[in-house]
Amino acid sequence: MSDALPEANGDHFLKVEDLKVHFPVTKGIIIQRKVATVKAVDGVSFTIRRGETLGLVGESGSGKSTTGLAVLRMLTPTAGRIVFEGQTSPRTVALNCCRCGGACRWSIRILTAR
């Protein structure tokens with residue numbers, strides 16, 4: 001039996017399911033061919049409810065920034081589902097992220113240890 005509370009779908013501010021961002025590795029200058037794939041993000045899922053804060057923590061090169069850029073639609077995800085305020089359309093998600101009129105109180109911050 002699970003101690004987890006049931007999720008209220010109306011509370012989801014942002015829901016990311018099985019997010020994948022893969023980059024092709026190519027060879028050749030004039031005629032390029034794909035020789036491998038770098039899996040920068042592979043199967044990331046999380047939910048942020050209204051009033052919650054999420055911190056992505058990991059080593060350098062672990063995909064934190066790539067995850068944030070994909071959620072903001074500044075990178076195109078290879079696979080997965082992003083639901084922002086109930087909207088799944090990539091165009092709608094991108095517009096809603098940018099058009100908050102000062103009412104939004106969320107941001108992506110990248111902190112690096114020195």
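Residues numbered from 1 in each chain as written. Predicted model: local features only at pLDDT ≥ 70, side-chain atom pairs only at ≥ 80, totals over all residues. Heavy atoms only, no water.

**Observations concerning the overall build of the protein chain**
Right, so step 1: A tally of regular secondary structure across the protein chain gives two helices and three strands.
Right, so step 2: Along the chain direction, N to C, the helices and strands of the protein chain fall in the order β-β-α-β-α.
Right, so step 3: Every one of the 114 residues in the protein chain was classed for burial, and the buried ones make up 20%.
Right, so step 4: For the protein chain, the proportion of contacts with a sequence separation of at least 24, taken over those separated by at least 6, is 52%. (Helix = DSSP H or I, 4+ residues; strand = E, 2+ residues; numbered from the N terminus. Buried < 20%, exposed > 50% of the residue type's maximum accessible area, 1.4 Å probe, protein only. Contact = heavy atoms within 4.5 Å.)

**Focus: the pattern of salt bridges**
Oppositely charged side chains may form a pair once their charged atoms are brought near each other.
Right, so step 1: For the coordinates displayed, the defined rule picks out four salt bridges.
Right, so step 2: The partner of Glu17 in a salt bridge is Lys15, and the shortest N-O contact between them spans 3.5 Å.
Right, so step 3: With a shortest N-O distance of 3.3 Å, Arg50 and Glu85 are connected by a salt bridge. With a gap of 35 residues between them, Arg50 in the loop between strand 2 (33–49) and helix 1 (64–71) and Glu85 in the loop between strand 3 (79–84) and helix 2 (90–98) connect regions that are remote in the sequence.
Right, so step 4: Exposure remark for Glu85: the relative accessible area of 36% places this residue in the partly exposed category.
Right, so step 5: Each member of the salt-bridge network shares a partner with another, and the members are Lys15, Glu17 and Arg81. (Salt bridge = Lys/Arg side-chain N within 4 Å of Asp/Glu carboxyl O.)

**Focus on the confidence of the model for the protein chain**
Right, so step 1: Overall, the predicted model of the protein chain reaches an average pLDDT of 77, with 68% of residues at or above 70.
Right, so step 2: Within the protein chain, helix 2 has the poorest average pLDDT of any element, 53, and strand 2 the best, 93.
Right, so step 3: Predicted confidence for residues 1–6 stays below pLDDT 50, and this span has zero contacts to residues more than four positions away or in other chains. (pLDDT = per-residue confidence, 0-100.)

**Here we look at the environment of His22**
Right, so step 1: Within the secondary structure, His22 is located in strand 1 (residues 12–27).
Right, so step 2: Judged by its relative accessible area of 22%, His22 is partly exposed.
Right, so step 3: Spatially, the C-alpha atom of His22 lies 8.8 Å from that of Ala79, the residues being 57 residues apart in sequence.
Right, so step 4: Side-chain polar atoms of His22 contact the side chain of Asp42, separated by 3.2 Å. (Polar contact = N/O pair within 3.5 Å; in protein donor to acceptor, adjacent residues only side chain to side chain.)

**Focus: the sheet that holds strand 2**
Right, so step 1: The strand order across the open sheet built from three strands is 2-1-3, with neighbouring strands paired in antiparallel fashion. Every interior strand has two partners, whereas the edge strands, strand 2 and strand 3, have only one. Here the average twist between neighbouring strands, direction ignored, is 20 degrees.
Right, so step 2: As defined by bridge partners, strand 1 adjoins strand 2 across 13 bridges and the pair is classed as antiparallel. Along strand 2, the bridge assignment pairs His22 with Lys39.
Right, so step 3: Of the strands in this sheet, strand 1, strand 2 and strand 3 are in contact with helix 1, which crosses strand 1 at around 115 degrees. (Pairing = 2+ DSSP bridges. Axes fitted to C-alpha atoms, helices over the stretch in contact; angles between N-to-C directions.)

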